[in-house]
Amino acid sequence: MKAMISNLGRILYAVPFIVFGFGHFMNAKMMSGMVPVPGGVIWIYVTGACLLSAGVSIIIQKKASLACLLLGILLLLFVFSIHLPNLLSHDSTLKMMGFSNTLKDLCLAGAAFYMHGHLRD
């Protein structure tokens, strides 16, 4: 029973990253304005590929530990490059979005690092 619940948790954790990855490909132009470095839409596609790859890797359990480590790093990059600047903005809408997205990605990064330590490749 414990293994079944653990597998369910692993899959439930991975599926949203696959959805987010596809979302990056489908909404790349709209999202490119949020990229804080030159290259805009290219980084949206790269990020989408990373999210999609990590989700699939976690589900099929191939290089899942490495995928979780890299996913955690990517999520922390989102926190520091996108969400924290929004949190520090004077715009109340950006501030609210920055607050919730900072906490969300910190939680997801923490879970990714935890899984990195507990998954076997």
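Coordinates for the structure precede this section.
Since we're looking at a predicted model, the values are computed, not measured. (Residues numbered from 1 in each chain as written. Predicted model: local features only at pLDDT ≥ 70, side-chain atom pairs only at ≥ 80, totals over all residues. Heavy atoms only, no water.)

Draft legend 1. Fine view of the packing of helix α4 (residues 64-87) against helix α5 (residues 92-118). Between α4 and α5, whose axes approach to 8 Å, the crossing angle comes to 165 degrees. Judged by the angle between their axes, α4 and α5 are roughly antiparallel. With respect to the hand of their crossing, α4 and α5 are arranged in left-handed fashion. Of the residues belonging to the contact of α4 with α5, the class tally is 19 nonpolar, eight polar and two charged. (Axes fitted to C-alpha atoms, helices over the stretch in contact; angles between N-to-C directions. Helix = DSSP H or I, 4+ residues; strand = E, 2+ residues; numbered from the N terminus. Parallel < 35°, antiparallel > 145°, perpendicular 65-115°, else oblique. Left-handed = near helix turned anticlockwise from the far one by under 90°. Nonpolar A, V, L, I, M, F, W, Y, C, P; charged D, E, K, R; others polar.)

Draft legend 2. Expanded view of the packing of aromatic side chains. Tallied over the entire structure, the rule returns three aromatic pairs. Look at Phe17 and Phe20: their rings are 6.2 Å apart centre to centre, the planes differ by 80 degrees, and that puts the pair in the edge-to-face class. You can see Phe17 and its partner Phe20 sitting in helix α1 (residues 2-26), three residues apart, about one turn around the helix. (Phe/Tyr/Trp six-rings, centres within 6.5 Å; stacked < 30°, edge-to-face > 60°.)

Draft legend 3. Up close: the nonpolar core. Judged by nonpolar contacts, the single largest core of 16 residues is most densely connected at Tyr13, Phe17, Ile58, Leu71 and Leu75. Elements that contribute at least two residues to this core include exactly α1, α3 (41-60), α4 and α5. Looking at which element gives the most residues to this core, the answer is α4, with six residues. (Core = buried A, V, L, I, M, F, W, Y, C linked by side-chain atoms within 4.5 Å. Buried < 20%, exposed > 50% of the residue type's maximum accessible area, 1.4 Å probe, protein only.)

Draft legend 4. Geometry of α3. In this model, α3 (20 residues) spans 29 Å end to end at C-alpha, consistent with the 28 Å of a helix rising 1.5 Å per residue. Of the residues making up α3, those classed as buried are Ile44, Thr47, Gly48, Leu51, Leu52, Ala54, Gly55, Ser57 and Ile58. On its buried face, α3 sits against α1, α2 (28-31), α4 and α5. Downstream of α3 by one or two residues, Gln61 has phi in the positive range, about 60 degrees. (Expected span 1.5 Å × (residues − 1). Contact = heavy atoms within 4.5 Å.)

Draft legend 5. Molecular detail of the packing of α1 against α5. Two elements in contact, α1 and α5, have axes separated by 12 Å at closest approach and are oriented at 130 degrees. Compared by their axis directions, α1 and α5 come out oblique. Read as a crossing pair, α1 and α5 show a hand that is left-handed. Note on element contacts: α5 touches α1 through Leu108, Ala111, Ala112 and Met115, opposite Arg10, Tyr13 and Phe17.

Draft legend 6. Local environment of a nonpolar patch on the surface. A contiguous nonpolar surface patch, about 430 Å² in accessible area, is contributed by Leu66, Leu70, Ile73, Leu77 and Phe113. For the nonpolar patch, the element with the highest residue contribution is α4, accounting for four residues. Mapped onto the secondary structure, Phe113 falls in helix α5. Among the residues examined, Phe113 registers a relative accessible area of 31% and is labelled partly exposed. (Patch = residues over 30% accessible without salt bridge, like charges linked within 9 Å, V, L, I, M, F, W, Y side chains within 5 Å. Areas by Shrake-Rupley, 256 points an atom, 1.4 Å probe, with all protein chains shown as cover. Salt bridge = Lys/Arg side-chain N within 4 Å of Asp/Glu carboxyl O.)

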